[in-house]
Amino acid sequence: MPEPIEVSPPQSAPLPPVLGGSPLETLPEPPPEGTRSAAEEGLSIEARSQFRMAAERFIHHKLALLGGSIFIFLLLLSTVGAHFWRYGHAQITGQFGTGPSLQHPFGTDTIGHDLFAQVLTGTATSIETAVVVAVIATVIGTLIGAVAGYYGGWLDAVLMRFTDLVLVVPLLAVLLVLAAGVHNLAGNWLVIALVLALLLWTYLARLVRGTFLSLREREFIEAEWAIGASDWRIILRHMIPNAIGPIVVNATLTVATAMLIEAILSFLGLGIQPPDVSLGSLINAGQGDATALPWLFYFPSGILVLAILSVNFLGDGLRDALDPSQRVRA
Amino acid sequence: MGAFIARRIAAGIVLLLVASFLIYLLVSLSGNPLAALEANPHIAKATIAAAREQLHLNEPLLERYWTWLTGFLQGNFGTATTGQAVGPQVLPRLVVTLQMVIPATLIAIVLAILVGVVGAVKQYSIVDHLSTGLAYVFFSTPVFVLAILLKDFLAVDFNKGVGHTVLYTIGQNTPGVTGFGNVAVDAIEHTILPVVTLTLITYATWSRYQRSSMLDVLNADYIRLARAKGLSPRRVLYVHALRNALIPVTTVIALDFAAVIGGALVTEIVFGWEGFGRFFYTGLTGPVSPDVNVVQAWFVISAAIIILFNLIADILYGVLDPRIRYA
């Protein structure tokens with residue numbers, strides 16, 4: 001039952017550059033003229049954009065700010081900082097299995113690698129892999145979820161059955177099989193990233209599908225249909241911006257998941273292969289000497305946990321800011 | 001209820017068959033088990049041809065799957081690339097894994113409920129902040145990091161402190177121990193660390209759900225009513241609040257069970273248990289790999305356990321929430 005046409009002009013006007021466009025969130029109505037007793041008393045009410053409201057909520061989330069700062073710090077340190085460090089990650093230093101010192105802040109391994117240089121490179125690999133996974137998985141998940149939610153039909157059916165399958169088969173084991181298949185072909189981190197992305201999009205696809213199913217019934221979408229907007233225009237210009245909150249949050253949390261899984265794969269020898277190093281493969285290499293040379297274990301795993309923790313805090317803060325309906329009570 | 005269970009089991013079997021087919025394709029296409037043999041110039045062509053014959057690699061993929069499926073339906077898991085039958089190895093190895101998974105899951109559930117409820121009741125207290133922080137740390141820690149930490153650092157110091165080995169770090173038991181009491185003590189001493197690892201990794205997420213669902217319930221009107229009509233706080237908490245707060249958590253735990261099995265796989269490898277997970281890992285990365293029949297057995301049995309677990313959760317759901325009727 002279409003709404004009267006008069007609804008469409010204001011609604012079909014481009015939405016504000018929404019970041020927090022979850023359906024439950026509406027802008028506070030500016031008080032009508034003449035009733036501004038509060039403004040007269042000096043408490044003026046300023047109209048705030050959705051983006052600004054989200055940003056304010058985010059700023060108030062101290063742990064999220066901390067998490068974001070740590071993550072950016074680790075990213076810069078491992079990508080930019082590594083170029084300024086006195087050792088390369090594959091360089092043999094002549095110091096074998098020495099503990100942390102001023103010369104080697106994280107110590108050296110038995111072959112003579114400077115562990116700090118290795119951890120920097122490993123962190124860069126882990127973060128890059130995880131970010132690539134998150135980007136690819138988010139694009140695939142959003143597209144498939146969008147098409148399934150918007151059109152329904154066979155793609156929707158296939159997606160839902162696929163989801164059923166994913167629920168009964170341990171994901172980690174499937175990834176191990178895939179990784180075992182590709183690790184002989186290439187130890188390239190990009191291959192591992194593709195393998196991870198291939199399986200990590202399903203959760204987001206379901207999320208986007210659900211959001212689209214409910215958005216489809218809203219009046220402003222109906223208005224779009226009424227004025228003859230194309231399907232792609234509706235999806236890209238109107239529906240995705242309204243689902244962007246959950247998408248961004250999920251993309252962030254996928255970075256954490258990908259780092260965790262990549263570390264496990266690399267630890268088991270099926271992930272990142274030499275000459276590339278990742279934190280997982282470093283921990284695997286250091287594990288043999290863990291009791292005698294404990295720094296080989298402490299530093300890579302400490303940085304790994306710190307990185308994952310920081311992304312999780314960041315994701316949680318973003319969830320509170322962008323997607324309050326999904327919020328787990330803090 | 002009977003019809004509901006029957007329908008769910010039927011759906012589960014269909015799902016299992018589809019999954020088994022896809023996994024079979026995936027594993028078969030993921031590698032050539034004879035690659036190492038073929039790369040070795042000292043091995044005669046005839047030997048390789050014989051091995052190929054023995055592994056049925058000459059047949060088309062679909063035919064191989066069909067052979068596997070007909071065998072499986074008759075309770076035959078096929079032969080491993082080592083020549084041993086897969087079927088007889090499944091149960092002993094599964095028992096080893098369950099020795100870790102069952103206690104860990106039970107303890108994790110109890111711990112998650114306890115921590116979640118305390119966190120919700122004492123919201124924003126020191127206990128709450130502390131348990132929230134710990135939960136974050138645990139679900140940001142890869143299983144193997146925690147396992148190595150316990151194994152190579154805590155256990156060594158602990159055993160030194162006690163003066164003899166209490167916390168074993170390798171294997172699921174000591175071979176050659178006899179007598180029922182000794183076997184039991186030995187098994188427990190081997191099981192403690194893996195169970196602690198798996199428990200800590202799993203309880204963290206669950207406790208967050210429990211806390212948030214408990215907070216939702218505690219703010220509900222019917223809880224205010226229960227308090228207003230003068231029920232004791234204890235009764236309000238346990239009978240009215242907790243029972244309702246358990247409902248969403250049940251689903252989370254059931255859906256998360258696949259992750260527990262994945263976690264057990266890694267834990268087993270770090271602690272050197274000859275369990276079901278290592279069986280899978282050896283089948284995947286061993287000398288003649290991928291060993292399709294071994295990997296396939298692991299997947300099918302894991303999936304069956306997960307489906308069963310989900311079914312139990314659905315039934316529990318009905319017990320916890322009498323409004324839910326299974327038609």
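Residues numbered from 1 in each chain as written. Chains lettered and ligands numbered in written order. Predicted model: local features only at pLDDT ≥ 70, side-chain atom pairs only at ≥ 80, totals over all residues.

Student: Tell me what's going on with the nonpolar core, and back it up with residues and numbers.
Tutor: Core analysis: the biggest nonpolar cluster contains 171 residues, and Leu 175, Leu 176, Leu 196, Met 259 and Ile 264 of chain A have the highest contact counts within it. Among the elements that take part in this core, helix α11 (residues 231-267) of chain A stands out by supplying 20 residues, more than any other. When neighbours within four sequence positions are excluded, Ile 264 of chain A is seen to be in contact with Leu 172 and Gly 280 of chain A together with Pro 142, Val 143, Phe 144 and Val 266 of chain B. (Core = buried A, V, L, I, M, F, W, Y, C linked by C-beta atoms within 7 Å. Buried ≥ 20, exposed ≤ 12 C-beta atoms within 10 Å, placed from the backbone. Helix = DSSP H or I, 4+ residues; strand = E, 2+ residues; numbered from the N terminus. Contact = placed C-beta atoms within 7 Å.)

Student: Got a sec to walk through helix α5 (residues 87-121) of chain B? Specific residues and values, please.
Tutor: The end-to-end C-alpha distance of α5 of chain B, which contains 35 residues, comes to 50 Å, matching closely the 51 Å that a straight helix rising 1.5 Å per residue would cover. At Leu 98 of chain B, α5 of chain B is deflected by roughly 35°, the largest bend along its length. (Expected span 1.5 Å × (residues − 1). Bend = angle between axes of the 7 residues up to and from the residue.)

Student: Summarise the environment of Val 80 of chain A; cite the residues concerned and give the values.
Tutor: With respect to the element layout, Val 80 of chain A can be found in helix α4 (residues 62-84). Sequence separation of Val 80 of chain A and Leu 120 of chain A is 40 residues, and the distance between their C-alpha atoms is 9.7 Å.

Student: How would you summarise the confidence of the model for chain B if you had to cite specific residues and measurements?
Tutor: All names here are of chain B. For chain B, mean pLDDT is 87; residues scoring 70 or higher make up 99% of the total. Of all helices and strands in chain B, the one with the weakest mean pLDDT is helix α2 (residues 35-39) (76), whereas α5 scores best (93). Scoring of the predicted complex yields 0.84 for pTM and 0.87 for ipTM. (pLDDT = per-residue confidence, 0-100.)

Student: Could you give an account of the packing of helix α8 (residues 189-200) of chain A against α11 of chain A, with specific residues and numbers?
Tutor: Residues and elements named next belong to chain A. Across the interface, α8 lies against α11 with an axial gap of 11 Å and an inter-helix angle of 125°. Considering the angle they form, α8 stands oblique to α11. Between α8 and α11 lies a crossing whose hand is right-handed. Counting all contacts with α8, which are made through Ile 192, Leu 196 and Leu 200, the residues of α11 involved are Thr 254, Thr 257, Ala 258, Ile 261, Glu 262 and Leu 265. (Axes fitted to C-alpha atoms, helices over the stretch in contact; angles between N-to-C directions. Parallel < 35°, antiparallel > 145°, perpendicular 65-115°, else oblique. Left-handed = near helix turned anticlockwise from the far one by under 90°.)

Student: Which residues make up the interface of chain A and chain B, and what values go with them?
Tutor: Contacts between the two partners involve 33 residues from chain A and, on the opposite side, 38 residues from chain B. Those elements giving two or more residues to the side of chain A that touches chain B turn out to be α6 (153-168), α7 (171-182), α11, α12 (279-287) and α13 (295-322) of chain A. The biggest single contributor to the side of chain A that touches chain B is α7 of chain A, with 8 residues. Looking at the side of chain A that touches chain B residue by residue, the class counts come to 26 nonpolar, 5 polar and 2 charged. (Nonpolar A, V, L, I, M, F, W, Y, C, P; charged D, E, K, R; others polar.)

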